[in-house]
Amino acid sequence: MKIPQLKKKPELKSCHNATWEDNYSWIHQENILDVLKDSSKLIPEVRTYLEEENLYTEHHLKDTKKLQKKLFDEIKGRIKLDDETLPYKDREYEYWTKTTAKGNYSIKLRKKIGTTNVEEIWNGDKEKEKLKTEYFGVGDLEVSWNDKYFGYSLDLKGSEYYTIYIRDIITNKLVTEKIEETSGGITFSLDDKYFFYSKLDNFHRPRKIFRHKIGTSVNEDELIFEEKSEAFTVSINLSADEKYFFITTSDHNTSEQYYFDVNEKKPKPKLIKERKRGIIYSVNSWKNFFYNHTNEEAEDFKIERCKNLVNQDWKTYISAKDEVLIGSIIFLNDWEIRSEVSNALAKIFIKNVSSNKEEQLNFVNEKVIVPSVSHIQKDRDTDLIYLSYSSPKTQARTYLYNLRTKEKKLVKEQEIPSGHNSDDYIVERLECASHDGRMVPITITRHKNTNLDGSANLLLYGYGSYGSSMSPSFSSTRLSLINRNIIWVTAHIRGGMERGMKWWKEGKLLNKKNTFEDYIAVAKYLIEKKYTSKGKIIGLGGSAGGLLMGAVVNQEPKLFLGMIMAVPFVDSLTTNLDHSLPLTVGEFDEFGNAKDSKEHFEYIYSYAPYNNIKKMDYPNILITTSLSDNRVLFDEPTKFTAKLRDYKTDNNLLLLKTEMNAGHGGKSGRDGAIEEIALDYAFALKIAKKILRKNGIVYYNSEVSSLSKKGDNYRYGNQFDNHWAYI
C-alpha cells in the first residue's frame, strides 16, 4: 500500500535569532479551538491525510485483526461486568454504583437507609442512547445536599467542553437551564438553592467561578470569583467540616486560596495567603482548626494548623521529611489518617486524637503495594473505614477496618472472572544509577516462567512530568502481555514525585533532560541485568509520556524494538511558543517559556522531538491521537509522523491512528477503551514476532508450539502461555 504523504508547505520560523524550517506548520489552524467543537471545520486536505493514515495503519495491522479480537475478549474476560461498588452512607440514603454486562457506562443507585427499595438515579447507557451521540464523556455526577437534585455534566465531542444539567431525582425532569462550556465540576450549596461551577474562557481555561440559582436563567448567574492571570485555573470545594467553601486558583507550581462561609447570602471570597511563586498550599477546616498542607519552607510538604484565618498563627502539626512526600489528612471524630510516599511507595499512618499516638498501618505482607483509605459514611463519628490495596500482581482488595480494635473484614475483592493466581507472577523493586548518579526506582512485573537470560521482550513504561507519580497498582490488562513472555517495567523517573518535590524539580524546566536520561539509564540497566536485550524493548508513554518517548527515540533508537506513543506531546517547541493554546501559559513553570526566554528556547529546542528527528534508522512506532484532543492537539503527532517519514532510513513500521470522534482520553465507554488497548498490545505482539506466518496462514501465540516441531524453521522458545484464555 502506498505510504501516505502530507503535502509540504515550507514556513521559515524564527525566534531569538534562530531560524528553522517547518514543512507542516500549515496544518495548524488559527481556529483550532473551533475545530475541537466542530470537526467539520477541519481543513479537508488534512482530514483526507488523517483518513489515509488510518487506512495505512489498518492495512499493516490487518494480520492482527483476529489477535485484536482475542485480546479484547481476553481483557474484557478479566473484568467482572456485572459489578457494584461498596455503599456510601449519606444522611438519609446509601449511594453506590454498578455496571452491567451489556452496558458501557455506570449506573448510580440509592436507597433510603433502613429500606430495601432501590432507586436508579443515573444510567449512562440510557443517557447516551437518548442523545444519539458517538462520543459520551461524563464529567461529574453529584447529588445535592438534601438528596433532591442530581447534577451531571457531559462532553459529547471529546474536547472537554462540558455542559451541566440539573434534574429533580423524583420527577427525573430538568429543573434549570443547561450551562454550556464549563470545566464540568458541580458543587451544590447546602440549602439546595444554588450550585457553583467554573466557566471556560476563549482559550479553554477555567478562570471564573459562578453561582447559579436553580430554576433561573443562566444570564442571572453571579460571578463569585475571577482569576486575572491567564496561567492560573480555578476550582471550588467544600471543607471537611462542611463550614466553608474554598476556592483554589493555581498553575502547576503555585497556588492561592480563598474562602467564604457556607451560610453567606452573597458570597465574598476572602484571601487566605497571597500567592508566592513555587509555593503550593491547600487549606481545610475541621473541629475549630484550619489545616494547611503546604511546601512553604518544607520542600516535600508539611501540615500546619491555626485557630482562625483572620489572625493567622500557623503552627507545625506534621513536620516535613527530606524526600518523603507528606500527604493531607482524612478526618474522623476520633482519628486522623494520612499518607507518606518515599521511594515510589506509599505508607498510611493512623493517629488516635485522644492519645495523640500515631502509628503506621501495616496490614499486608507484600512490600510493593498501593494502599488507600476512604470514608464509609457521611457521619464522622465512627471507628470504621474502607481500607484497600492492590499490587502489580494482586487485584484490589477492600476491607472494613476498625481503627480501634484493628480488626479487618474483607468486604470486596476485584473479581477476575477468567481466573487469576498471583503466585504466577513475580514483582521486584530495583534501583539503577542515572547519568548523574541519582538512583531511579524501577518496578518490574513478570511471569514466574519468564527466563532472565536476555531473551524476553520488555515493555518499559514511563511518564515523568507535572509531579505525577506512577503507582505500582494492579492492572488486569497488562497480563495479556506478561502472560506472553513480555516483562512489564515502570520506570519511576524524575519529573514525577515518587521521591518528593525534589524529584519533580530535577525533571522539569532546565532539568527536563534528566527525565529522558533516567529512562535511558533504566533501559540500559535492564539489558545489563539480562531482563532483556538491546533491540527488544518496547517503549510506552502517553501525553507528556509521549514527549518522553519522542525525545528518547531520537537519542537512543537502537535500544528499542518499538515505541507506542499515545496522544504524544511531540511538537513541544511550537506549542510552547503559542501562548493562545489552552495549556501553554499554565505550563511555563513545568517546561519553560521559550518565547520570552532565550535560555528556555535553546533548551527546549535541543530536545523537542519534532525538531530533533534525524536521518537514521528508527524502531517500529505506533502513534495514536484524537481529533478533538484539546490538551495535545492532533497536529503534533500528525506533523511528527509526516516529518519522520521524510527522515527515517529504515523499513520498520510507522503507523498513525487518529480517532476522529474522541478526545485526550481516547474513545468513550468501557468497550472503546478496551479496543484501544487491544490495538496497542496487538502492535507490541506483532513487532515482538508473537505472530508468525506459514504458507500464508497467520499463527498466534497459542498456536506456535505446533510449528516448533523438528523439521520446521520456526523456533519459539520459552513459551509458557499455551492458550489465549487468561491463566
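You'll find the structure just up there.
Report follows, based on the coordinates.

Conventions used here
- Residues numbered from 1 in each chain as written.
- Predicted model: local features only at pLDDT ≥ 70, side-chain atom pairs only at ≥ 80, totals over all residues.
- Heavy atoms only, no water.
- Helix = DSSP H or I, 4+ residues; strand = E, 2+ residues; numbered from the N terminus.
- Rg over C-alpha atoms; globule rule 2.2 N^0.38 Å.
- Buried < 20%, exposed > 50% of the residue type's maximum accessible area, 1.4 Å probe, protein only.
- Contact = heavy atoms within 4.5 Å.
- Areas by Shrake-Rupley, 256 points an atom, 1.4 Å probe, with all protein chains shown as cover.
- Phe/Tyr/Trp six-rings, centres within 6.5 Å; stacked < 30°, edge-to-face > 60°.
- Lys NZ or Arg CZ within 6 Å of the ring centre and 35° of its normal.
- 1 Å grid on protein atoms, 1.4 Å probe; cavity = no way out; pocket = protein on both sides within 12 Å on 5 of 7 lines; lining within 4 Å.
- Points joined across faces, edges and corners; volume = space filled by probe spheres on them.
- Nonpolar A, V, L, I, M, F, W, Y, C, P; charged D, E, K, R; others polar.
- Axes fitted to C-alpha atoms, helices over the stretch in contact; angles between N-to-C directions.
- Parallel < 35°, antiparallel > 145°, perpendicular 65-115°, else oblique.
- Left-handed = near helix turned anticlockwise from the far one by under 90°.
- Polar contact = N/O pair within 3.5 Å; in protein donor to acceptor, adjacent residues only side chain to side chain.
- Pairing = 2+ DSSP bridges.
- Salt bridge = Lys/Arg side-chain N within 4 Å of Asp/Glu carboxyl O.

Attention now moves to the overall build of the protein chain. Within the protein chain, the secondary structure is distributed over 13 helices and 41 strands. For 727 residues, the compact-globule estimate of 2.2 N^0.38 gives 27 Å, and the protein chain sits close to it at 26 Å. Looking at the protein chain as a whole, 59% of its 727 residues are labelled buried. A separation threshold of at least 6 residues defines the contact pool for the protein chain, and within that pool the share at least 24 residues apart is 56%. With the model as given, the accessible surface of the protein chain reaches about 30,600 Å², and the carbon-plus-sulfur share is 46%.

Turning our attention to the packing of aromatic side chains. Within the structure shown, the criterion is met by 31 aromatic pairs. For the cation-ring pair, Arg110 lies above Tyr93, with the distance from its terminal atom to the ring centre recorded as 3.9 Å. Here the guanidinium or amino end of Lys643 rests over the ring plane of Tyr647, the centre of that ring lying 5.5 Å away.

Gaps between atoms show up when a probe of the same size as a water molecule is rolled over them. A complete count under the given rule lists two cavities of 30 Å³ or more for this structure. Size it by volume and the largest cavity reaches roughly 90 Å³. When contributions to the lining of the largest cavity are tallied by element, the ones reaching two or more residues are strand E33 (439–447), helix H5 (479–482) and strand E35 (486–491). When grouped by side-chain class, the residues that make up the lining of the largest cavity number six nonpolar, six polar and one charged. In this structure, the second largest cavity spans a volume of roughly 40 Å³. Split into classes, the residues belonging to the lining of the second largest cavity amount to two nonpolar, three polar and one charged.

On to unusual backbone geometry. With a phi angle near 65 degrees, Asp192 is a residue other than glycine that sits in the positive phi range. Among the secondary structure elements, Asp192 is positioned in the loop between strand E12 (187–188) and strand E13 (194–200). Backbone geometry at Phe301 places phi at a positive 80 degrees, although glycine is not the residue there. Take Phe301: it is sitting in the loop between strand E21 (289–294) and strand E22 (302–306).

All right, on to the packing of helix H7 (residues 513–528) against helix H8 (residues 544–555) then. Geometrically, a packed helix pair is captured by the angle between its two axes and the distance between the axes. Two elements in contact, H7 and H8, have axes whose closest approach is 10 Å; the angle formed by their N-to-C orientations is 65 degrees. Relative to H8, the element H7 lies roughly perpendicular. As for how H7 packs across H8, the hand of that crossing is right-handed. Contacts between H7 and H8 involve Thr515, Phe516, Glu517, Tyr519 and Ile520 from the former and Leu547, Leu548, Met549, Ala551, Val552 and Gln555 from the latter. Split into classes, the residues belonging to the contact of H7 with H8 amount to eight nonpolar, two polar and one charged.

Structurally, Glu340 can be placed in strand E25 (residues 335–342). Within the structure, the side chain of Glu340 is placed 3.1 Å from the side chain of Lys321, a separation counted as a polar contact. If near-sequence neighbours (up to four positions away) are discounted, Glu340 is found in contact with Lys321, Val324, Leu325, Ile326, Leu345, Ala346, Lys347 and Phe349.

In terms of residue burial, strand E6 (residues 107–112) counts as a mostly covered element, since five of its six residues are buried. When strand E5 (residues 93–99) meets E6, the two strands line up antiparallel, connected through six bridges. When the bridges of E6 are listed, Lys98 appears paired with Ile107. Judged from the five bridges that link them, E6 and strand E7 (residues 118–123) form a sheet pairing that is antiparallel.

Take the pattern of salt bridges next. Here the structure, examined in full by the defined rule, presents 60 salt bridges. Between Asp424 and Lys448 there is a salt bridge whose closest N-O contact spans 3.3 Å. Taken together, the residues span a long stretch of sequence, with Asp424 in the loop between strand E31 (408–413) and strand E32 (425–433) and Lys448 in the loop between E33 and strand E34 (457–461) at a distance of 24 residues. By relative accessible area, Lys448 is classed as partly exposed at 42%. Bridged by salt links that share partners, the residues Glu323, Asp436, Arg438, Arg494, Glu506 and Asp518 form one connected network.

Two elements in contact, helix H2 (residues 44–60) and helix H12 (residues 635–647), have axes separated by 12 Å at closest approach and are oriented at 65 degrees. The angle between H2 and H12 places the two elements in the roughly perpendicular class. In this structure, H2 crosses over H12, and the sense of that crossing is left-handed. Two secondary-structure elements touch here, H2 through Tyr49, Leu50, Glu53 and Tyr56 and H12 through Thr638, Thr641, Ala642 and Arg645.

So far we have only geometry, and geometry alone does not tell us how the molecule works.
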